[in-house]
Amino acid sequence: MCNTNTEIQDQKKYIEKIKEINKTQKPKYAILTMGCQLNENDSEKLCGMIEQMGYTKTENPEEANLNIFNTCCVRENAEDKLFGKLGELKKIKEQKGTIIAIGGCMMQEKHITTKIKQSYPFVDIIFGTHTLHRFPKNLYKVLKENQKQEDILDIDGKIYEGLPIKRESNLKASVTIMNGCNNFCSYCIVPYVRGRERSREPKQIIQEIQELAKEGYKEITLLGQNVNSYLKVEKEKNKPYEQYKGINSFATLLQEISKIQGIERIRFISPHPKDFTDDVIEAIAKNEKICKLIHLPLQSGSTETLKAMNRKYTKEDYLNLVQKMKTKIPNLKLSTDIIVGFPGETEKDFLETLDVVKKVGFEQVYMFIYSRRKGTPGDKMENQIPEATKHERFDRLKQLVENEIQQNNQKYIGTTQKILVEGKSKTNEKMLTGRTENNKIVNFEGNDELIGKLIEIKITSEHMWYLKGQIK
Ligand code: SAH
Ligand code: SF4
Ligand code: F3S
């Protein structure tokens, strides 16, 4: 803890130095973030540091003195996007002289940083997932010494507390509770780019959420690649952590967070089905604030495919878990992630996935076409599925999911839902928008004073991706 504190203090000095440089100017920055909410949360920390340095945010990269791209590499299309973006930034740099910083998960891949250095030498800063906190120092070196910076660590980063943060919303906040992943699902790059699993200290998490509650935040989403194994590694490896309010697991963490006054909704992503213990199910059932929409990634409905994916559960295990959860948690809804076209997936395997989708009746399904990732076991498997088959299966899954969602939406019509009002609708100035406990978007006519409140809305119609309603 001490070491990380000194390091953060050191970075704060660089923040001050840059602020001094920027004193007479009004510099702007633009940031583009790809990937999951963990990356978005990292970007909020970057924004926090950068705004303390005197930069203000712009959505227009052309007018930014500093352009940052926080990358993701979970699927292949991300690479096309990075290199496209770099071409665009090159032009801006030539015309206006912007500083270009590229960070995030993709920078942990050696073949990518090599390519950037060879083919895109105009990039000023390359930083990885373990060196985000050192951004002030790296930027200072570019500003002061005009030196290109590459700051990537191959080891597991420590957890740095006390970084400034500039959040996207003033109502809903993400709180990262753990970094890294130890599961090595055979399709997935995340463990290689985010390092091994490590949990934040219970006290730090609780204090952060208490602060958020004081600032008026109503909804918290706890983030981690495997949230229900919170503190598991620490306990197994006897790594000391500070005792705080008896928190020693994900279930006890959820219970303590539920006690924080002012926080009305608690969500979390993503749990792993193999680690979904009874105490967590009980904590969800017992605490009203924990939203009864649980994201439970399936990936495949075929036991064979799940084995090849190294998911460590079978089709039956998953369905039994769902059954148990539905019995113990009244009104439970589930969402999930599914990959189609994993190596070796047969038509029969794929039909098993469709079968689980039909049996569970998900509220939402995030569907992905399998993408080969360099360095993962999946990439080395010989029985890769032809692109056309992957797409054909994806379309069939999508059709089924959309039918199910539409049917499910019908059930909402006529019901009364509690909505957290988030703001004005983006498409219609006169309408307000909010979300139900099940994360469904609801648009309705109402007064701006309702923003930030939890109110009751009667649902009047459904429109596939959102519902419409009236104030009760
Ligand atoms: N840790 C989380 C999510 C990780 S990434 C979990 O285990 O659920 C988010 C989703 O991307 C995964 O759930 C998976 O469905 C998808 N995904 C990961 N690697 C992929 C790949 N190589 N190809 C296609 N989809 C992938
Ligand atoms: Fe990837 Fe699996 Fe870890 Fe999720 S649990 S991040 S899918 S390796
Ligand atoms: Fe992507 Fe990294 Fe998240 S690879 S999905 S941004 S952890």
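Scroll up a little and you will see the structure.
Residues numbered from 1 in each chain as written. Chains lettered and ligands numbered in written order. Predicted model: local features only at pLDDT ≥ 70, side-chain atom pairs only at ≥ 80, totals over all residues. Heavy atoms only, no water.

A. The arrangement of the site of ligand 1 in detail. The local shell around ligand 1 holds 15 residues, among which R75, Q225, Q299, D337 and S371 are the closest. Taking Y187, its main chain carries an N or O atom lying 3.0 Å from a nitrogen atom of ligand 1. In this structure, D337 approaches ligand 1 through a side-chain N or O atom, which is 2.6 Å from an oxygen atom. Considering ligand 1 on its own, with 540 Å² of exposed area, one finds that the protein chains cover 90% of that surface. Those elements that provide at least two residues to the shell around ligand 1 are β13 (333-340) and β14 (364-369). Partitioned by chemical class, the residues of the shell around ligand 1 number 7 nonpolar, 4 polar and 4 charged. (Near = heavy atom within 4 Å. Polar contact = N/O pair within 3.5 Å; in protein donor to acceptor, adjacent residues only side chain to side chain. Areas by Shrake-Rupley, 256 points an atom, 1.4 Å probe, with all protein chains shown as cover. Helix = DSSP H or I, 4+ residues; strand = E, 2+ residues; numbered from the N terminus. Nonpolar A, V, L, I, M, F, W, Y, C, P; charged D, E, K, R; others polar.)

B. Layout of the nonpolar core. L222, F250, F268, F276 and M325 are the most contacted members of the largest nonpolar core, which totals 69 residues. Filtering out sequence-adjacent residues up to four positions away, F276 remains in contact with N228, F268, P271, I281, I284, I294, L296, L321 and M325. Counting 25 residues, the second largest nonpolar core, distinct from the first, contains I18, L66, A101 and L139. (Core = buried A, V, L, I, M, F, W, Y, C linked by side-chain atoms within 4.5 Å. Buried < 20%, exposed > 50% of the residue type's maximum accessible area, 1.4 Å probe, protein only. Contact = heavy atoms within 4.5 Å.)

C. Spotlight on unusual backbone geometry. Between I269 and S270 the backbone carries a cis peptide bond, its omega angle lying at -15°. Secondary-structure assignment places S270 in the loop between β11 (265-269) and α10 (278-286). Even without being glycine, F184 reaches a positive phi, approximately 50°. Looking at where F184 falls in the secondary structure, it is placed in the loop between β8 (178-179) and α6 (190-194). F184 sits in the partly exposed class, given a relative accessible area of 30%. Here the phi dihedral of Q299 falls at roughly 70°; this positive angle occurs in a residue that is not glycine. Looking at where Q299 falls in the secondary structure, it is placed in the loop between β12 (293-295) and α11 (303-308).

D. Representation of the pairing of strand β19 (residues 466-471) in the model. Where strand β17 (residues 441-445) and β19 come together, 4 bridges link them in parallel fashion. Opposite I441, over in β19, you have Y466 as the bridge partner. Bridge count for strand β18 (residues 454-462) against β19 is 5 bridges, and the pairing is antiparallel. Note that in β19 the partner of I457 across the bridge is I471. (Pairing = 2+ DSSP bridges.)

E. Representation of the sheet that holds strand β6 (residues 149-151). Pairing is parallel in the open sheet, where 6 strands are placed in the order β2-β1-β3-β4-β5-β6. Only two strands of the sheet have a single neighbouring strand rather than two, namely β2 (56-57) and β6. The sheet contact formed by strand β1 (residues 28-33) and strand β3 (residues 66-71) spans 5 bridges and is parallel. When the sheet's bridge partners are listed, I31 is paired in β3 with I68. The strands that helix α2 (residues 37-52) touches are β1, β2, β3 and β5 (125-127); relative to β1, the one it contacts most, it runs at about 170°. (Axes fitted to C-alpha atoms, helices over the stretch in contact; angles between N-to-C directions.)

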